[in-house]
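Descriptive structure summary
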Amino acid sequence: MIETADEFVRLRNSSDPQECRRTAVEEAPAQVWMEVVDRYPEERVAVVQNKTVPLAVLEILIDDPDTRVRFMVAMKRKLSPDLLERLAHDVDESIRMRVAQHRNTSRETLESLRHDPWSEVRAAVDDRLGGTGSDLL
């Protein structure tokens, strides 16, 4: 288990691939994740990439000013339909595209994306709903 924000950053910057891997797979207490987010903004993408990062941390990072962080959040399999709904309104089209493709996106959110300004997002929604959208029911 990763015990401190400083340990996380040290592991991330290690030349040892095994130590770097720990930042992607090991758990950490919620307060450690929040400390990394607060003290080391450049490590936010790495926080999102961790397989054990709690939804509560992802919920905070949905509003991150860095598009890369929000995109990585949109890639997480464990996102709830509510969090995906929030991301469906992102200013970045690549994030809205990821929401349109995400397996946990609700039918209601997909329906709202039918009117997206980007034609590629609309096409992805049409592919998912396939006329009736019966595969989502």
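Preceding block: the structure.
This report concerns the structure included in the present document. (Residues numbered from 1 in each chain as written. Predicted model: local features only at pLDDT ≥ 70, side-chain atom pairs only at ≥ 80, totals over all residues. Heavy atoms only, no water.)

**Structural notes on the side chain of glutamate 26**
Looking at the element boundaries, glutamate 26 is found in the loop between helix H2 (17–25) and helix H3 (30–39). In this structure the side chain of glutamate 26 is engaged in a polar contact, spanning 2.6 Å, whose partner is the side chain of arginine 22. (Helix = DSSP H or I, 4+ residues; strand = E, 2+ residues; numbered from the N terminus. Polar contact = N/O pair within 3.5 Å; in protein donor to acceptor, adjacent residues only side chain to side chain.)

**Some points on the packing of aromatic side chains**
The full count for this structure, using the stated rule, is one aromatic pair. Both rings, one in phenylalanine 8 and one in tryptophan 33, keep their centres 5.5 Å apart while their planes meet at 75°; by these two values the pair is edge-to-face. Taken together, the residues span a long stretch of sequence, with phenylalanine 8 in helix H1 (residues 5–12) and tryptophan 33 in helix H3 at a distance of 25 residues. Across the pair, tryptophan 33 and phenylalanine 8 agree in class, each one buried. (Phe/Tyr/Trp six-rings, centres within 6.5 Å; stacked < 30°, edge-to-face > 60°. Buried < 20%, exposed > 50% of the residue type's maximum accessible area, 1.4 Å probe, protein only.)

**Comments concerning helix H6 (residues 67–75)**
Every α-helix winds through 3.6 residues per turn, so residues three or four apart in the chain are directed the same way. Within H6, burial applies to Val69, Arg70, Val73 and Ala74. Each buried residue of H6 sits inside an arc of 140° when the element is viewed along its axis, so together they form one side. (Arc of directions from axis to C-beta.)

**Side note on a positive patch on the surface**
On the surface, a cluster of positive charge is made up of Arg21, Lys51, Arg77 and Arg103. Counting through the fold element by element, lysine 51 comes out in the loop between helix H4 (44–49) and helix H5 (55–61). (Patch = residues over 30% accessible without salt bridge, like charges linked within 9 Å, V, L, I, M, F, W, Y side chains within 5 Å. Areas by Shrake-Rupley, 256 points an atom, 1.4 Å probe, with all protein chains shown as cover. Salt bridge = Lys/Arg side-chain N within 4 Å of Asp/Glu carboxyl O. Lys, Arg positive; Asp, Glu negative; His and termini not counted. Charge placed at Lys NZ, Arg CZ, Asp CG, Glu CD.)

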